[in-house]
Amino acid sequence: MTTFHVEPGGALRGRLRVPGDKSISHRSVMLGSLAEGTTRISGFLEGEDSLATLNAFRAMGVDIEGPDGGRVVVRGVGLHGLKAPAGALDLGNSGTSMRLLSGLLAGQAFDSELVGDASLMSRPMRRVTEPLARMGARIDSTEKGTAPLRIHGGRQLRGIDYELPVASAQVKSCLLLAGLYAEGRTCVREPAPTRDHTERMLAGMGYALEREAGRVCLQGGGRLEAVDIDVPADISSAAFFLVGASIAPGSELVLEHVGTNPTRTGVLEILRLMGADIELLDERDVGGEPVADLRVRHAPLHGIDIPVEQVPLAIDEFPALFVAAACAEGRTRLSGAEELRVKESDRIQVMGDGLQALGVDARPTPDGMIIEGGPIGGGRVHSHGDHRIAMSFAMAALRAQGSIDIDDCANVNTSFPGFVELASAAGLSVVAG
Ligand code: S3P
């Protein structure tokens, strides 16, 4: 079991580039595999989650070179060129792989089976299997609606008009991928904006989409043309450094080439509302995705009521934001975020327990948390195998009064290989043991 030991205090300084965006990396391999022609990817996240997707497509006969220094070459087989895998596809810890693949595989001629680690096998999959069944798919799951998912091939799917009950980009993307194989039109309405990388990449590959506020539709039976993809650095990985530099006096960091898609920038908005000093430099467009360098300097933070419309736009950043709230003056309140309970861990409970173990007044609620800012003590916390919990508590040490030991940190490699080295180079006293 990997444990992080983090010494208290210090500041974060310098320029750094965090690894590639996880959501875009998954989609680059999926859509590159289904495209006609060769997709050359740079900046690909060489983390276990996106590698699980890459290996799944190799297992379905796609010729993929790399990754090598973030470069991947995918020789697309077209929408109907995938082959039956020899065994179950093991997607490790990756919910994005499982939910997006379930839609894509429901439209294939062959049967397939999706499995993963203990966390992934306990996460809710009915949110994808139910709408896919309405499209004519046949997918067997456990009685609880969890994986293994056994997907029956050879079914002709039909387009549906589906209103998402929860704001989820994974479910939206799953249905759009199934829609590529469906007869007629597939439309997805979302209750609040969620990340739109699938829509942007489909459009970039020449697939016609109709987009209007809160709704996206596509017609089955088109084709995708390969394009080169430059994956920006992941704002969700940058978030740990945005929080770390904001809370640690004397910090100043520039985070290079970070994706700033407006469906992902809730963390910037929330931190700025708390008083953070974050500037976007050299804003540019890279292959249909906005990118900027982010400059962050230490600033005194104050507690806020987090605007509920920001929740889906910052859904992966709440573990880090809870640490910011613990260091802020006054009370921070989050509500409307019950989805945090079904992520890689129950992020409300696990963060609440860890913050309390460090002496912070953090009170979990069914759909959020109430945190009173104040001193952070040292101690031992458990990440429950959740990468974002581990990295958030590592940053908390910058303001702690004693050292922090964080158990069960191996899964940091799912999204942020090299975290310990990069954070150490910036000034955090962290070692993995
Ligand atoms: C993701 C969507 C989000 C997010 C996850 C990645 C994606 O999940 O939490 O880390 O790439 O589509 P939900 O769709 O469950 O909100």
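Remember, it's a predicted structure, so these values are computed and weren't measured experimentally. (Residues numbered from 1 in each chain as written. Predicted model: local features only at pLDDT ≥ 70, side-chain atom pairs only at ≥ 80, totals over all residues. Heavy atoms only, no water.)

### Here we look at the site of the ligand
How we decide: Whether a residue is near a molecule or strand depends on its heavy atoms: it is near if one of them lies within 4 Å of it. Whenever two N or O atoms come within 3.5 Å, that pair is a polar contact, provided that in protein one can donate a hydrogen and the other can accept it, and provided that, for residues adjacent in sequence, both atoms are side-chain atoms. Every accessible area reported is derived by Shrake-Rupley at a probe size of 1.4 Å, with residue values counting cover from the shown protein chains alone. For the purposes of this entry, the term helix denotes a DSSP run of H or I that reaches at least four residues, the term strand denotes a run of E that reaches at least two, and both are numbered from the N terminus. As a working rule, the residues Ala, Val, Leu, Ile, Met, Phe, Trp, Tyr, Cys and Pro are called nonpolar, Asp, Glu, Lys and Arg charged, and the rest polar, with Gly in that last group. By convention here, the domain bounds are inherited from an automatic or database domain assignment.
Taken together, the residues surrounding the ligand are Ser-23, Arg-27, Thr-96, Arg-99, Ser-168, Ala-169, Gln-170, Arg-195, Ile-315, Asp-316 and Lys-343. At 2.6 Å, a side-chain N or O of Ser-168 approaches an oxygen atom of the ligand. Considered on its own, the ligand offers 390 Å² of accessible surface; in the complex 95% of this is hidden by protein. When contributions to the shell around the ligand are tallied by element, the ones reaching two or more residues are helix H1 (22-34), helix H3 (95-106) and helix H5 (169-179). Here the shell around the ligand is composed, by residue class, of two nonpolar, four polar and five charged. The residues that make up the shell around the ligand include at least three from each of domain 1 (4-20 + 232-432) and domain 2 (22-230).

### Considering the side chain of Thr-198
To keep things clear, this is the line we draw: Here, residues are in contact when the closest pair of their heavy atoms is within 4.5 Å.
You can see Thr-198 is positioned in helix H6 (residues 197-204). Side-chain polar atoms of Thr-198 contact the side chain of Arg-27, separated by 2.6 Å. Setting aside its immediate chain neighbours within four residues, Thr-198 contacts Arg-27, Leu-31, Ser-173 and Leu-176.

### Some words on the sheet that holds strand S5 (residues 71-77)
Whenever strands of a sheet pair, they do so through backbone hydrogen bonds, lying parallel or antiparallel. Defined as follows: Strands pair, by our definition, only if DSSP identifies at least two bridges between them. All axes here are fitted lines through C-alpha atoms, helices being fitted over the stretch that makes contact, and every angle between N-to-C directions spans 0 to 180 degrees.
Read from one edge to the other, the open sheet built from four strands follows the order S4-S5-S3-S14, with strand pairing classed as mixed. Strands with a single pairing partner mark the edges of an open sheet, and in this sheet they are strand S4 (63-68) and strand S14 (229-230). Taken together, the two bridges between strand S3 (residues 36-42) and S14 define a ladder with parallel strand orientation. Residue pairing for S14: Ser-42 is matched across the bridge by Asp-230. Taken strand by strand, helix H2 (residues 48-59) contacts S4 and S5, and its axis lies near 155° from that of S4.

### Let's talk about the domain arrangement of the protein
The cut-off we apply is this: Summed over both partners, the accessible area (1.4 Å probe) lost when two parts come together is defined as the buried area.
With domains assigned, the protein is organised as domain 1 (4-20 + 232-432) and domain 2 (22-230). A separation of 28 Å is found between the C-alpha centroids of domain 1 and domain 2. Contacts between the two partners involve 29 residues from domain 1 and, on the opposite side, 26 residues from domain 2. Roughly 2,200 Å² is buried in total at the junction of domain 1 and domain 2, and carbon and sulfur atoms are behind 45% of that figure.

### Topic: helix H4 (residues 126-134)
Spelled out, the test is: Think of it in three bands: residues with accessible area under 20% of the maximum for their type are buried, residues over 50% are exposed, and the middle band is partly exposed, with areas taken using a 1.4 Å probe on protein chains only.
Along H4, the positions that sit buried rather than exposed are Arg-127, Val-128, Thr-129, Pro-131 and Leu-132. Contacts from the buried residues of H4 go to H3, strand S8 (138-140), strand S9 (149-152), strand S10 (161-163) and H5. A positive phi of about 105° marks Gly-136, the residue just after H4.

### Looking at the environment of Glu-329
Relative to the helices and strands, Glu-329 resides in the loop between helix H9 (318-326) and strand S18 (331-334). When the C-alpha atoms of Glu-329 and Gly-303 are compared, they prove to be 5.7 Å apart, with 26 residues separating the residues in sequence. If we ignore the near neighbours within four places in the chain, the residues touching Glu-329 are Leu-301, His-302 and Gly-303.

### Things to note about the nonpolar core
The condition that has to hold: Remark: nonpolar core denotes a set of buried residues (Ala, Val, Leu, Ile, Met, Phe, Trp, Tyr, Cys) joined through side-chain atoms within 4.5 Å.
Grouped together as the largest cluster of nonpolar side chains are 80 residues, with contacts concentrated most on Phe-4, Phe-241, Leu-271, Phe-318, Ile-406 and Phe-419. Top contributing element to this core by residue count: helix H7 (residues 235-247), with nine residues. Contacts of Phe-241, omitting those with residues within four sequence positions, involve Leu-12, Leu-16, Val-18, Leu-253, Leu-255, Val-296, Met-395, Phe-416, Phe-419, Ala-423 and Ala-426. Formed by 61 residues, the second largest nonpolar core is a distinct cluster that contains Ile-41, Val-72, Ala-106 and Tyr-162.

### Concerning the pairing of strand S11 (residues 185-189)
Worth spelling out the cut-off: If you view a crossover with the strands going away from you and the path from the first strand over the helix to the second runs clockwise, you call it right-handed.
Where S10 lies against S11, three bridges are found, and the strand directions are parallel. Across the sheet, residue Asp-161 finds its bridge partner in S11, namely Cys-187. For the crossover that starts at S10, traverses H5 and ends in the parallel S11, the hand is right-handed. Where S11 meets strand S13 (residues 215-219), five bridges bridge the pair, whose relative direction is antiparallel. Each bridged residue has a counterpart across the sheet, and for Thr-186 the counterpart in S13 is Leu-218.

### Concerning helix H8 (residues 266-273)
The α-helix advances 3.6 residues per turn, and as a result positions three or four apart in sequence lie on the same side. Among the residues of H8, those classed as buried are Gly-266, Val-267, Leu-268, Ile-270 and Leu-271. On its buried face, H8 is in contact with H7, strand S16 (277-286), strand S17 (289-297) and H9. At the exit of H8 stands Gly-275, carrying a positive phi of roughly 105°.

### A word on the packing of aromatic side chains
Stated formally: Pairing of aromatic rings covers Phe, Tyr and Trp, the last counted by its six-membered ring, and requires centre-to-centre distances within 6.5 Å; plane angles under 30 degrees mean stacked, over 60 mean edge-to-face, and any other angle means tilted.
What the rule picks out here adds up to five aromatic pairs. A ring pair is formed by Phe-4 and Phe-419, whose centres lie 6.1 Å apart and whose planes are at 20°; its orientation type is stacked. Pair noted here: Phe-4 is in strand S1 (residues 4-6) and Phe-419 is in helix H12 (residues 419-426), with a separation of 415 residues, a long-range link.

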